[in-house]
Structures are given as C-alpha cells and as structure tokens.
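Survey of secondary and tertiary structure
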Amino acid sequence: MTMLEIKNLHVEVAGQKILKGLNLTINPGEVHAIMGPNGAGKSTLAYAICGKEGYEITEGSVTFKGKNFLELTANERAGEGVFLGFQYPVEIPGVSNMNFLKAAINSLRKYRGEDDMAAVDFLKLIRAKAEELEMKPEMLKRAVNVGFSGGEKKRNEMVQMAMLEPIFSVLDETDSGLDIDALRIVADGINRMRSPEKSILVITHYQRLLDYVVPDFVHVLANGKIVKTGDKSLALELEKNGYAGLGIDENAA
Amino acid sequence: MTEKNHFDGRNYANYFNAHRHILPNAELAWLNDVRAKAISSFIEVGLPGPKVEEWKYTNLNLLKTTIYETSEKIATENTDIIQKYALEGVLGSKVVFVDGYFNSELSDVQKQQGVVLTSLNEFISANPEHAEQVFQESKNQDSLGELNTALMTGGFVLIIDENIKLAEPIQIFHIASEKSQAKSLRLKNFINIKSTSSAQIIEYFISPDNIDCWRQNVTEVIVGEKAKLEIYQFQQEGNETIHMNQTLADVKESGNFKHYSLNIGGKISRTEIKPTINGLYGNVDLRGAFLGRNGNSHDVFTHMKHMKPEGDSNQSYRGVLDKGGKSAFQGKVYVAKDAQLTNANQSNKNLLLDRGAEANSKPELLIYADDVKCSHGTTVGELDNEAIFYLKSRGLDQKAAKALLVEAFVAEVFEDIKLQSVKSRYLELAGSWLESGD
C-alpha cells in the first residue's frame, strides 16, 4: 500500500495561498527529498502533512496508508506513525527530556491500544538510543531543548525519532545551521530509520545532507508546486546551477 | 476604624456573646478574657470590605449577611480520607482535625523527649499558665485574626526544645465533613522551634464539594536562632469552601523559614504569610502556586518584613487561571532602616488559559535602608501554541499537552523541595488539575 499520497493540495496560511496544487506519492521504503528556494512552501508542506493548526487545506487530499489524513488531529497523525523533525525545535522549560519522551511514548501506545511502557524498559531504551546518537546522558534530564545549541537541538530531534519509531518521518530542514559533525550525527540518525517498511521525506535547502542521506527521489518545490522530479543527480545539478538553472527566480518564489 | 471601608461585624459579636460559654475551655477566666478582648478588637474594625487595599481583590460580601455558626464536634469519620491524602513513606506524627476539632482516634501523635505536640485545648488545660503567656505574646494583627481568636475551637501546639532535629515530617490534616455546611471552622496554632532545632510540617486542607463552610486557620510561628522550619501546604477543598489561612512568623538570628503552598480549591482561598526577620542573617523562602477556574478565587498575600541586617528573602508564586478563575498576588516587602545588606526577591508569574480568566499582581516594596538588593517581577502570559503543536506532533493530545505545560509552568517553584513525596504530590496535583476540571 502507498505510504503517503498527496493530491492537488492547496494550503492557505492566514489567507495567503502557499501551496497551489501539490502532488506527491511516497511508497514504503522510499526516501524522498524536497528542495526549493526560501518561501516555496517547504515547511508549509511539512506542517500540512502533520496537521498543524492554522494551515488551512482549501482543496485536495492527503491520504496516509489509505486513511484520510485531513480528518485527524496532529497527535492522531503521530499515533498513525508520522514524525515531524522540526526546523526550529521548541524549548519547553520545566519538562525534562525524559518525562517528555515518556509522555510521548505512552500517548502513542495509548492511541494504538497498548499499555504504558514499563519504566525499566523505557529507561533501557532511552539510554541505548541516546548512546547510539552520542547524546550525553545528562542531556536527558535537562528541560526539552532549553539552552541547547542548534546542533544539540537537532540531535535531540533524532533521539526522539529513534525512540518513537515512526513509519514515516518528515524532516523539515533538519540540516540547517549544523556544522559537519552535527550533520553527520543527524544523517546517521536518519539512515538508521531506513528500512523497507519505513519512508522518509527530507526537506532541505541545500544539497549537502543528501551526500549522507541518499534519496530515491528528489523533487523541486517552487511557487507552491512541485516543478521537477528526478533522482539524486537532480540535487547535484541544483547545487551546480542553482535554482535559476531551472528557470526559478529564487527571490520571487 | 474606617467604617466606610469595613462591614459591620456586630452580628458576630452577638453570636459570640450567645455562645461563648460553650466554646472549649470556657471555664478559664483568662481565656475568656482573651476571647472577649479579641471580639471587641474585631468589632472595632469589622470585616474588611473591597475598599480596604489589602482585600481589594477578594470580595467578602457573603460574610456580611450570613453568619457561619461555630462548628460542632462530630464522631469519628472513617479513616479512608486520611489514607487517601497521607503521603507514603512519611512516618512522623499525624494530627487530625475534623470540623475544627482535634480527633484523637484518627491522630497518631508520637512522643519524643523535648517535643511538645498536642492539641491547643489540651495544651491550655494541661499548662494554663504557659498557654496564657503564649496568648499574651500573640502577634495577631488584623480583625479577621481577632475573630478567629474569639471563636477558635482548637488548633495544635508544637514546641521543640533546643537542639532537636525532627527526623520525620509531621502531617496535619484539616478535614471538613458534610456536617460543616454553613459552619465556621476556626483553628489557632502555635509553633515554636527553639535554637538549632528543625522541623517539617505538611498540612492538608480538605472539604467536600458543595459544602459551604468558612475555614480560618491562623498559625503563629517562632523560628529560633539557627533553627529551621519548613511548612508544606496542600489546599484542595471543595468548590464552596471559604479558606483563610494566615501564617505569622517571627524569625530569629540565622533562623530559616520556608513556606510552600498549593491552592486548587474553594470559592475563596486566601493565603496570608507574614514573616518578620528579627535577627541577623534570617532567611525566608515563600513559594507556591494557585490554579483556579469556575468561581475559584485565589488570593496570596505576603508581608515580608526585614528588621535586621543581612537577611535573605525570596518569594516565588505561579498562578494558572482558566475560564472563570480569578487570582491576586499581593506581595509586600518591607526593609527597615536598620536592615542593611538585605537581599529580597519576589516574583509572580501567571498563565491565563482563557480570556475569561483574571490574574492580578501587585508588588509593594517599602525600603528604608540604602544598601540592599531587592527585586520584583510579574508576568501574565498564555500557553505557547508552538509548544502545544510540538507536543501534539509527538503524540500528546491537546489536553495532555496543555496539562504538561501547566505542570511545567508550576514546577519551577517546587523543584528545590528535598522531600520527594511532597514534591511529587505537588507536581501530580498541578499536572492533573486540567483534567480534573471535567
């Protein structure tokens, strides 16, 4: 079955038309990359898939594993197995990473009709995942993202993704603002999620992440639509010739 | 006396005169005297009205016409309620009051050399001279406190001799039964922790929903030199209770006084804390949270007095208000001319979950010394929608996401508590508060 099918998607934010008839189909096991100039609607696409309030779908459909996704709230979509890696992860003072993840895991389990995870199993799991992604154990006790550097925040997103085990991950500019070491960790986190049953949508402004996470498909999003689709070579072409090479005016997107 | 600003309290005087003979220990002339003096001081002033600055956010109109008669002693209630509220693993004495009277069957008062822990009425009958002295040294300051003294039905007394550290916290249960409808429950408590001694007290204020009763609880505290007292209060009364809780503390040299509170119930809750640092290096820490909705009115009133140099005080309060909830934080800091090198901080942050909620915050600093560090800060804000979406994207539903953020907002004032069971109870109550509203 298709993982995600988006047809003729139109999205408005505060009365402004951002997506104008976007089509995208993602099958299990595939990694897709969406590239595009600033303001093309990349983040809007991520939020529309994940159900953020204020992103009004005026036309079109989003179907996830055969279900009409537009009828579900953001947390129900997470329950169905979707994960959003944020471009700007939110700081939550007063909530420790540990408690946050425990609440998240148990909410997902509840949605799926499962019991809470035993405290011991949870601790084992979180320690293992933190170690795999080279996160210091003391970071787990700190408040979610509070005082974290840009790289630490993105690494934290990867730990969350690893813990929540989504079947479909949307990564919104997870690579932005990272130095090369942090980029490697993030890429490693994404690659660990690759499997024949799981799909990933990587949204990025630059090609460099795609050196580490090699996509099956690359799409170019401009002016609210996908204007070109190709394989990984399309990303390299963009890197070389810029969006202007495709006839896209980067400033007027 | 400012008649315009106060309600007439004479109907309470009439009530007092008709009932004084049935109040506990009524046969003691000196106590009768204490009560009579208190009632005349009360009548002279009356009940505070909305024009009284200290009461401008709490409307006591309903006390004007209704007379809440003095509660009566009832037979022992079932013990389930104690088990329900008592904290696990806290092994110290349990002192239980039901409808304003000490209940010896439900209580478990452990004897310890050098420690007096007893009900006020027993203390008075066993040590009348000592008790008389305690009342003479009382620092009552306001008309409601006088009314409480005139009509008190009991209370507790804790006196700890020099150099004793209580190993386990004392738990005090203030329970109102269904029979407290239209009654007043008035307790007067005395705590005296002498030099280098220490104690921890956990207090629960509990009443059933839909029972309209008026609770007054006045505690006078002395924290001796290098002594330490921590008070942890949980106010979770029913929706019709009027809760007035006043703590007056006299902190001696290098004394350390901590007061924590959580208010989540009642139609009116008023928490007044008035500590005075009367010796060098005194240290006072006041922290708490109040969560209100649908007719809850929470009022925290502090009056922190620095009389001697090099004292530290901190006040930190968080308010969470949902639709129909109202709160006021009035925090006064007074630094006397002599109290140089005082360090006094105050902060009150409020979270409004609905546009139909109200939070008032009024810091008041009176500083007469010229070499001090005093700060105050107040904020009123709303939940961050980005944070809610972040949590929802991880699977938490709207309500759970809000509840987690509410708990986090409140958590900061409780995070330094070393008694784990107390800290967890505070966080649990704050975290489940949203859900308990349905």
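The preceding data block contains the structure.
Worth saying up front: this structure is predicted, and the values here are computed from it rather than measured.

**Some remarks on the packing of aromatic side chains**
Using the criterion set out here, one finds 21 aromatic pairs over all chains in the structure. Between Phe64(A) and Phe168(A) the ring centres are 6.0 Å apart and the planes differ by 35 degrees, which places this aromatic pair in the tilted class. Of this pair, Phe64(A) sits in strand E4 (residues 55–64) while Phe168(A) sits in strand E9 (residues 168–172), and the two are 104 residues apart along the sequence. Accessibility classification places Phe64(A) together with Phe168(A) in one group, the buried group. Cluster of aromatic residues (ring-pair linked, three or more members): Phe173(B), Tyr204(B), Tyr232(B), Phe234(B), Tyr260(B), Phe414(B) and Tyr426(B).

**What about the environment of Ala336(B)?**
Residue and element names in this part refer to chain B. Note that Ala 336 resides in the loop between strand E19 (326–335) and strand E20 (343–352). The buried category is assigned to Ala 336, whose relative accessible area is 7%. Considered as a pair, Ala 336 and Ala 369 are 33 residues apart in the sequence and their alpha carbons are 6.0 Å apart. Leaving out residues up to four positions away in the same chain, Ala 336 has contacts with His 306, Met 307, Tyr 368 and Ala 369.

**Topic: empty space enclosed by the protein**
A probe as big as a water molecule, rolled over the atoms, marks out the empty space that is left. Residues and elements named next belong to chain B. What the rule picks out here adds up to five cavities of 30 Å³ or more. Approximately 90 Å³ is the volume found for the largest cavity. The wall of the largest cavity is formed by Trp 55, Asp 142, Leu 144, Gly 145, Gln 216, Asn 217, Val 218, Met 244, Asn 245, Gln 246, Arg 270 and Glu 272. For the lining of the largest cavity, the secondary structure elements donating two or more residues are helix H7 (143–151), strand E11 (214–223), strand E13 (242–251) and strand E15 (268–277). A class-by-class count of the residues in the lining of the largest cavity yields four nonpolar, five polar and three charged.

**Things to note about the interface of chain A and chain B**
Frequently, the measure chosen for interface size is the accessible area that the parts lose on association. Of the residues lining the interface, 28 residues belong to chain A; the matching set on chain B comes to 17 residues. Counting the surface chain A buries against chain B, the share from its top three residues, Lys52(A), Asn75(A) and Val90(A), is 27%. Where chain A meets chain B, there are three salt bridges. The closest approach of N and O atoms between Glu53(A) and Lys392(B), which form a salt bridge, is 3.4 Å. Within the residue set of the side of chain A that touches chain B, elements represented by two or more residues are helix H1 (42–50), helix H2 (74–79), strand E6 (82–85), strand E7 (92–96), helix H3 (97–111) and helix H6 (150–164) of chain A. Broken down by element, the side of chain A that touches chain B gets its largest block of residues, five residues, from H3(A). Among the residues forming the side of chain A that touches chain B, the class breakdown is 19 nonpolar, six polar and three charged.

Rules used throughout
- Numbering of residues starts from 1 in every chain and runs along the sequence as written.
- The order in which chains are written sets their letters, starting at A; the order in which ligands are written sets their numbers, starting at 1.
- Per-residue local features are limited, in this predicted model, to residues with pLDDT of at least 70; the limit for side-chain atom pairs, both in listing and counting, is 80 or more; totals at the level of whole chains, interfaces and linings are taken over all residues.
- Values shown for side chains rest on all heavy atoms present in the structure; no hydrogens or waters enter the calculation.
- Two aromatic rings, drawn from Phe, Tyr or Trp (for Trp, its six-membered ring), form a pair once their centres lie within 6.5 Å of each other, and the interplanar angle then sorts them: stacked below 30 degrees, edge-to-face above 60, tilted otherwise.
- Strands here are runs of E lasting at least two residues and helices are runs of H or I lasting at least four, both read from the DSSP assignment and numbered beginning at the N terminus.
- Relative accessibility under 20% of the residue-type maximum defines a buried residue, over 50% an exposed one, and the middle range a partly exposed one, all with a 1.4 Å probe and only protein chains included.
- Note on definitions: a residue-residue contact is assigned when non-hydrogen atoms from the two residues lie within 4.5 Å.
- In this analysis, the protein atoms alone were mapped onto a 1 Å grid. Cavities are point sets where a 1.4 Å probe fits without being able to get out; pockets are open sets with protein on both sides within 12 Å along at least five of seven lines; lining residues have an atom within 4 Å of a point.
- Grid points are joined across faces, edges and corners, and a volume is the space filled by probe spheres set on the points.
- Throughout this entry, Asp, Glu, Lys and Arg are counted as charged residues, while Ala, Val, Leu, Ile, Met, Phe, Trp, Tyr, Cys and Pro are counted as nonpolar. The remaining residues, Gly among them, count as polar.
- As a working definition, buried area equals the accessible area (1.4 Å probe) given up by two parts on being put together, with both sides summed.
- Note on definitions: salt bridges are taken to be side-chain nitrogens of Lys or Arg within 4 Å of carboxyl oxygens of Asp or Glu.

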